[in-house]
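# Examination of the molecular architecture
Here is what each chain is made of, one letter per residue.
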Amino acid sequence: MLELRGLTVGYGGVEVLHGVEMSVEEGAVVGIVGPNGAGKSSLLRAICGLTRSSAGEISFEGRSLRGLAPEEIARLGIALVPEGRQIFGTLTVAENLRLAAQGNGSGAMDQILERLPVLRERAEQRADRLSGGEQQQLAVARALLRKPRLLILDEPSLGLAPKTIDVVYGLLEELREEGVTMLLVEQNAARTIDFCRRSLVLAGGRVRASGRREELQRNPEVLRAYMGRQL
Amino acid sequence: MNGRGLRSPASAAVSLIVPLVLVALTAAVGASGTPAFEETVTLILCNLIVVLGLQVFIGNSGVYSFGQLGFAASGAYVAALLTIPAAFTALQTPELPKLISDAELTPLLSTLIAGAASGLLALVVGWPLMRTSTLAIPISTFAFLIVAYNVLANWDEVTGGSSGLVSIPRTTDLTSAALWASVAVVVALAFKRSASGYRLQATREDEVAARSIGIGLMRERLIAFTISGVLCGIGGALAVHQSGVLSPTTFYFAASVTTLTMLVVGGARSVLGAVVGTLAVATVNELLRNFEEGASVLGLFSIGETPGLAAIGLGLILLVAMVALPEGLSRGREAGEIESVRRRLPARPASPSPAAATRPAGEASGRLRAEAISLAFSGLHVLRGVDLELPPGEALGLIGPNGAGKTTLVNVLSGFQAPDAGRVVLGDVEVTRWSPSRLARAGLGRTFQAALPFAGLSVIESVAVGAMGVGIGRRRAVGIAANVLDRLGLSEQAQRPAGLQPPGNQRLLGIARALATAPRHLLLDEPAAGLNDEERRELAAILRGVIHDFGCAILLIEHDMNLVMDLCSRVQVLDDGRTVVVGNPEEVQAHPAVVEAYLGTSYLEDAHA
Amino acid sequence: MTELAQSLIDALALGGLYALIAIGVTLIYTVMGMMNFAQGEFIMLPAYALYVLAGVPFAVAVGGALATGIAIAVLAERVAFRPVRNADLSAQLVTSLAVATILQSLVSATVDGRAQSVATPALVSESSQVGSLSVPNLEILTLALTAIVLGGLGWLLYRTRIGLEMRAAAENFEMARLLGVRANRVIAVAFAISGALAATVGVLIVMQTGQVSPTMGLTPVLVGFIAVVIGGFGRISGAVIGGLALGALSSLLGTYLPDGLVPFRDAIVFSLPVAILIVRPQGLLGAASGEARI
């Protein structure tokens, strides 16, 4: 569904991604882990059209994404839950959702509110009054309302308490069981590798390791990417 | 003392000579035509002085002022009133103080006084205006222009009101205009290459980085604003002594647009740009004015009378320039900076200066301490009661997962963010609410995650301005910069633009710039990001040298464990806004909580394998 | 007492006019981050439409003016501002200055450089009895229009899809685009509304002065800028407050200033807001972080 070939991204003279290769099949759940500065966010930004790639190809369902505006890529069916959630604080919860729903009918919105009752409670409140965990649920709900073909999540557990992370990942698990195609980027390697059937380890702008869950869980490369040569 | 300047002497000479030659040529062209033509060219040269005034402020600060012609107006009125024969002054401006009314000064004296008066006005007006935010300066200076116009047009008894003034002695001729224009060129170049000019350019390149090296934004802008006022005043005075008449609309909106167009088309950043732009636009303007009266183009077709064609043309030129050629014809460079000139004049390596960065005694030194720092924004607790201690001469590593609060802590230490609770202490002085520039001048330097280069300056200029930022004079700053570049292996790049350096060098430049401020404490935010293995080893060696030779303490935020282990005697781990553990590198690396914070539980067993 | 009430109504009316200008400037600022120098010309050109459509029934002429305002704003965005959308703010500001110059000179060249008079319906220059007061009809009209605009804008922003998109874009343009909001559409709509507002202001000014001139937009645009700045960048509520404050100040000064100082009224009005800026650089209502809000 999503194919990256030789993706190279650089800005301001700094190259942050060097020739990254990756593919995500329909229904797959793929994880990307790696230390900060590895280029994970740059990778996502390139896919979503927020950053221009200097070389390489990004194609989605056979269609090249290079040069498309972010809103065009979004309309092709890619939904991003960005780092830091980035909900519209000055809009109400309902407005945040309505913005994403885009005339997909109020049916979709009702469904989401059923699924996430805490959002229904706070529907008319300003979104910046929500707690971190609630905001994260709102961000995911917002992405889901777009009925995406590919759901991308950038560090969904960032800044959340462990219990809240469990709640969020509970939601993600349901989505995984429903067969939603997902690309998950996290700094916490263990949880991600455990959650996704397949993961990549990105460090220094390059893919250092990739494989299925079981392979990676005992792979020393992962440790090395994070903790340096000592280990 | 190292005698080598920031540019090779030949480059500096070319930068000065070319604009002066252009001025001389313009005068020569003017002299060769009809008397009417000569007058037009004289006026163009007066215009040039005003444009140079604009360049001094706008070009160096990167901030657009729409009010500079208010100073040209003030200069014009002052000069006019001082030179109009007493009888006429009494008629036109009855309530003018007798001292001024009776004055009939020489052109030179009246121009000098006009310049001084305008400069004083600029200082008074600029004092409040430069305090407003960068976005508000264009608006508030525009307001000043309109206020000036309003006052001039309505204060009939003193300024002659909207009818203006007449019978002004026409004493400006081609030669005097050319001479004054040359002086203006020299002044503009001298300012650009002075310590103050460099500091102002640093704020233009990157405001945040400039503050981190001790530069006071408001002060530097005010200095340039005042000098600009003087030059504009002189230009206005000379212009009015050429035309003999003056009204409030002479130096108002149309003239503001014209002079701004000249600057933008030529390239605001360079004096050469101001000169080239003025000549180019003036030429086109004259051509269009001729067409206004109806003309035939190449004998092919005729255009009837079209008043206002010149103004439309000017607007179009400005628009095209902004869209297609934002840096102007000169690309923002002086004559001596053109690649071919530069390449022929290789930079000679500096001889190491013994007067390396030394800090005057009595400065706040000793340990840097953070006590119980807490900070929350948007409902997120970024830091919760974090302590940190950096004794003199130590290297402390600060590590932790993304979002742990490391950069925020450094922002608090360096004055860029104020904590909600807790304090920062330097030596025995509490410095919690000190501004970044004040902290820089007290010996606290830092770098940023993004390199924040001064892209428009050369490598050596970028570093030298660090020293200038903390008040070191230009000569010594150059010596310090050469020394630091040597140490970091960047000497060969000295004359090249900082913006074109490869990423590894840009990070080193950030460090070099901070080193030039002679810091006692250096806070480095991920200096190794984007470096390969070899570059990282070099960086570690450099930093070790820095601690040893400069006696500087270093706080290092890093994700690159290898660098941290190499360099730091102690490591502090932050997670979720709290300190997890502080200890030596080996203990920390194997500490279960640390491994878990980064990787998660299932990797714990392997940490001990 | 009646004199005070009279002055207050005068102040409110002028404040309303200035608020309309300020809102037009703010709308563009919130979606593009640009202070639009050409707003004055968006006011001037519709006024000239009234001049050009002299013989036509006034209502039709006003319609023509509205259409002109919208058309010129949308056209300017498409042709001049879109290419510099990603350039830095100074570049955008100077570009808007270029557009302003071109439009101003075009009018000078094709019509005339001097002021021209425009006939307006007699009703406009008359006054009506409101209680014990005699209020100029024009002021009633201005107040009514201001109220309608505020109401209409509120409806648009809070009850329509495009308004939702605009508010989202004003807060975080990038995120809005990630949700499929079309940047071009949002910006075009902001300019169109801005143009309509400017046209309204232009018509009101013509009704007040009976004249049009190529430079008539200069003072209003400065008013708009200053109102936005003292109200706090990027907030419509701030623009309204700023406009009302400036208008009230200007009007009250006009009534109560000693005769000798009256010609300097503008100078005083424009100097005072700068004092506010020094004390509070973010404006009266501005957020310290400089976040744009509608």
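Residues numbered from 1 in each chain as written. Chains lettered and ligands numbered in written order. Predicted model: local features only at pLDDT ≥ 70, side-chain atom pairs only at ≥ 80, totals over all residues.

Our next topic: the overall build of chain A. Counting its regular elements, chain A contains ten helices and ten strands. Relative to the globule expectation of 17 Å for 231 residues, the C-alpha radius of gyration of chain A, 18 Å, shows essentially globular dimensions. Seen along its three principal axes, the alpha-carbon backbone of chain A occupies a region of about 50 × 40 × 35 Å. Burial statistics for chain A: of 231 residues in total, 48% are counted as buried. For chain A, the share of sequence-separated contacts (at least 6 apart) that also reach a separation of at least 24 residues comes to 66%. (Helix = DSSP H or I, 4+ residues; strand = E, 2+ residues; numbered from the N terminus. Rg over C-alpha atoms; globule rule 2.2 N^0.38 Å. Buried ≥ 20, exposed ≤ 12 C-beta atoms within 10 Å, placed from the backbone. Contact = placed C-beta atoms within 7 Å.)

Now for the overall build of chain C. Of the regular secondary structure elements, chain C holds twelve helices and four strands. Computed over C-alpha atoms, the radius of gyration of chain C comes to 19 Å, within 12% of the 19 Å expected from 2.2 N^0.38 for 294 residues, which places it in the range of a compact globule. By principal-axis analysis of the C-alpha atoms, chain C measures approximately 55 × 45 × 35 Å. Counting over 294 residues, chain C shows a buried share of 52%. Residue pairs at least 24 apart in sequence account for 76% of intrachain contacts in chain C once pairs closer than 6 positions are excluded.

Turning to the nonpolar core, a few remarks are in order. Counting 271 residues, the largest nonpolar core has A:I152, B:I49, B:L52, B:A76 and C:I226 as its most contacted members. For C:I226, the contacting residues outside a window of four places in its chain are B:I139, B:A143, C:L246, C:F270 and C:P273. Counting 94 residues, the second-largest nonpolar core is a separate cluster that includes B:A209, B:A395, B:A518 and B:V594. (Core = buried A, V, L, I, M, F, W, Y, C linked by C-beta atoms within 7 Å.)

Contacts between the two partners involve 36 residues from chain C and, on the opposite side, 36 residues from chain B. For the side of chain C that touches chain B, the secondary structure elements donating two or more residues are helix 4 (89-110), helix 10 (218-231) and helix 12 (265-279) of chain C. Among the elements that take part in the side of chain C that touches chain B, helix 4 of chain C stands out by supplying 15 residues, more than any other.

Now for the pairing of strand 9 (residues 521-525) of chain B. Residue and element names in this part refer to chain B. Of all five residues that make up strand 9, five are buried, and the element is covered over most of its length. By the alternation rule, side chains of strand 9 split into H521, L523 and D525 and L522 and L524, which are all buried. Pairing of strand 8 (residues 444-446) with strand 9, which is carried by three bridges, proceeds in the parallel orientation. Considered in strand 9, the bridge of L444 is made with H521. Where strand 9 lies against strand 10 (residues 553-557), five bridges are found, and the strand directions are parallel. (Pairing = 2+ DSSP bridges.)

Right, let's get into the confidence of the model for chain C. Summing up the model confidence of chain C, the mean pLDDT is 86 and the portion of residues at 70 or higher is 95%. Ignoring residues within four places in sequence, the model shows residues 288-294 of chain C, a span with pLDDT below 50, making 19 contacts including any to other chains. (pLDDT = per-residue confidence, 0-100.)

Turning our attention to the sheet that holds strand 8 (residues 181-186) of chain A. Residue and element names in this part refer to chain A. Read across the sheet, six strands follow the order 6-7-8-3-9-10 without closing on themselves; strand pairing throughout is mixed. In this open sheet, the two edge strands, each paired with only one partner strand, are strand 6 (78-81) and strand 10 (206-212). Going across the sheet, the axis of each strand differs from the next one's by a mean of 15°, ignoring polarity. As judged from the five bridges shared by strand 3 (residues 29-33) and strand 8, these two strands associate in the parallel manner. Within strand 8, the residue paired with V29 across the bridge is M182. (Axes fitted to C-alpha atoms, helices over the stretch in contact; angles between N-to-C directions.)

Now for the packing of helix 3 (residues 58-81) of chain C against helix 9 (residues 183-209) of chain C. Residue and element names in this part refer to chain C. The contact between helix 3 and helix 9 brings their axes to 7 Å, and the two run at 140°. Classified by the interaxial angle, the pair formed by helix 3 and helix 9 is oblique. Helix 9 is crossed by helix 3, and the crossing has right-handed handedness. On the side of helix 3, the interface is formed by V62, A65, L66, T68, G69, I70, I72, A73, V74 and E77, while helix 9 contributes I187, A188, F191, A192, S194, G195, A196, A198, A199, G202 and V203. In terms of residue class, the contact of helix 3 with helix 9 is made up of 15 nonpolar, five polar and one charged. (Parallel < 35°, antiparallel > 145°, perpendicular 65-115°, else oblique. Left-handed = near helix turned anticlockwise from the far one by under 90°. Nonpolar A, V, L, I, M, F, W, Y, C, P; charged D, E, K, R; others polar.)

Let us look at helix 10 (residues 195-205) of chain B. Residue pairs spaced three or four apart in an α-helix point in one direction, given the helix's 3.6 residues per turn. Residues and elements named next belong to chain B. With ten of eleven residues buried, helix 10 lies mostly within the body of the structure. Among all positions in helix 10, only A195, G197, Y198, R199, L200, Q201, A202, T203, R204 and E205 are buried. The inward-facing, buried residues of helix 10 contact helix 2 (35-61), helix 9 (174-192), helix 11 (207-212), helix 12 (217-243), helix 19 (459-469) and helix 20 (474-488).

To continue, consider the sheet that holds strand 6 (residues 421-426) of chain B. Adjacent strands of a sheet pair through backbone hydrogen bonds, lying either parallel or antiparallel. Residue and element names in this part refer to chain B. Strand order in the open sheet formed by four strands is 4-3-6-7, and the pairing between neighbours is antiparallel. Strands at the two margins of the open sheet, each flanked by one partner only, are strand 4 (380-390) and strand 7 (429-430). Where strand 6 meets strand 7, two bridges bridge the pair, whose relative direction is antiparallel. Note on strand 7: the bridge partner recorded for L426 is V429. Each of strand 3 (368-377), strand 4 and strand 6 touches helix 17 (residues 406-413); the most contacted strand, strand 3, lies at about 120° to it.

Let's shift gears to the environment of C:F233. Mapping C:F233 onto the fold places it in the loop between helix 10 and helix 11 (236-256). C-alpha of C:F233 to C-alpha of C:T30: the two residues are 203 residues apart in sequence and 8.3 Å apart in space.

Residue and element names in this part refer to chain B. Between helix 1 (residues 9-31) and helix 9, whose axes approach to 10 Å, the crossing angle comes to 165°. In terms of orientation, helix 1 and helix 9 fall into the roughly antiparallel class. Crossing of helix 1 over helix 9 shows right-handed handedness. Residues S15, L16, P19, L20, V23, A24, A27, G30 and A31 of helix 1 touch helix 9, and the partners they reach there are L174, A178, A181, S182, V185 and L189. When its residues are assigned to classes, the contact of helix 1 with helix 9 shows twelve nonpolar, three polar and no charged.

Below, the discussion takes up the pairing of strand 6 of chain A. Taken residue by residue, a regular strand's side chains alternate between the two faces of the sheet. Residues and elements named next belong to chain A. On strand 6, burial covers both faces: I78 and L80 on one face and A79 and V81 on the other are all buried. Where strand 6 meets strand 7 (residues 150-154), four bridges bridge the pair, whose relative direction is parallel. Bridge pairing in strand 7 links I78 to L150.

The next thing to look at is helix 6 (residues 107-129) of chain B. Between its first and last C-alpha, helix 6 of chain B extends 32 Å over 23 residues, near the 33 Å set by a 1.5 Å rise per residue. Those residues of helix 6 of chain B lying buried are B:S110, B:T111, B:A114, B:G115, B:A117, B:S118, B:G119, B:L121, B:A122, B:V125, B:G126 and B:L129. Its buried side turned inward, helix 6 of chain B meets helix 3 (68-83), helix 7 (136-154) and helix 12 of chain B together with helix 12 of chain C. (Expected span 1.5 Å × (residues − 1).)

Below, the discussion takes up unusual backbone geometry. Peptide bonds are, in most cases, trans, and in most cases residues other than glycine have a negative phi. Unusually for a residue other than glycine, A:K147 sits at a positive phi of about 50°. In this structure, A:K147 sits in the loop between helix 6 (132-144) and strand 7.

Mapped onto the fold, B:S118 is located in helix 6. Excluding its chain neighbours within four sequence positions, the residues that come into contact with B:S118 are B:F71, B:S74, B:G75, B:G229, B:V230, B:C232 and B:G233.

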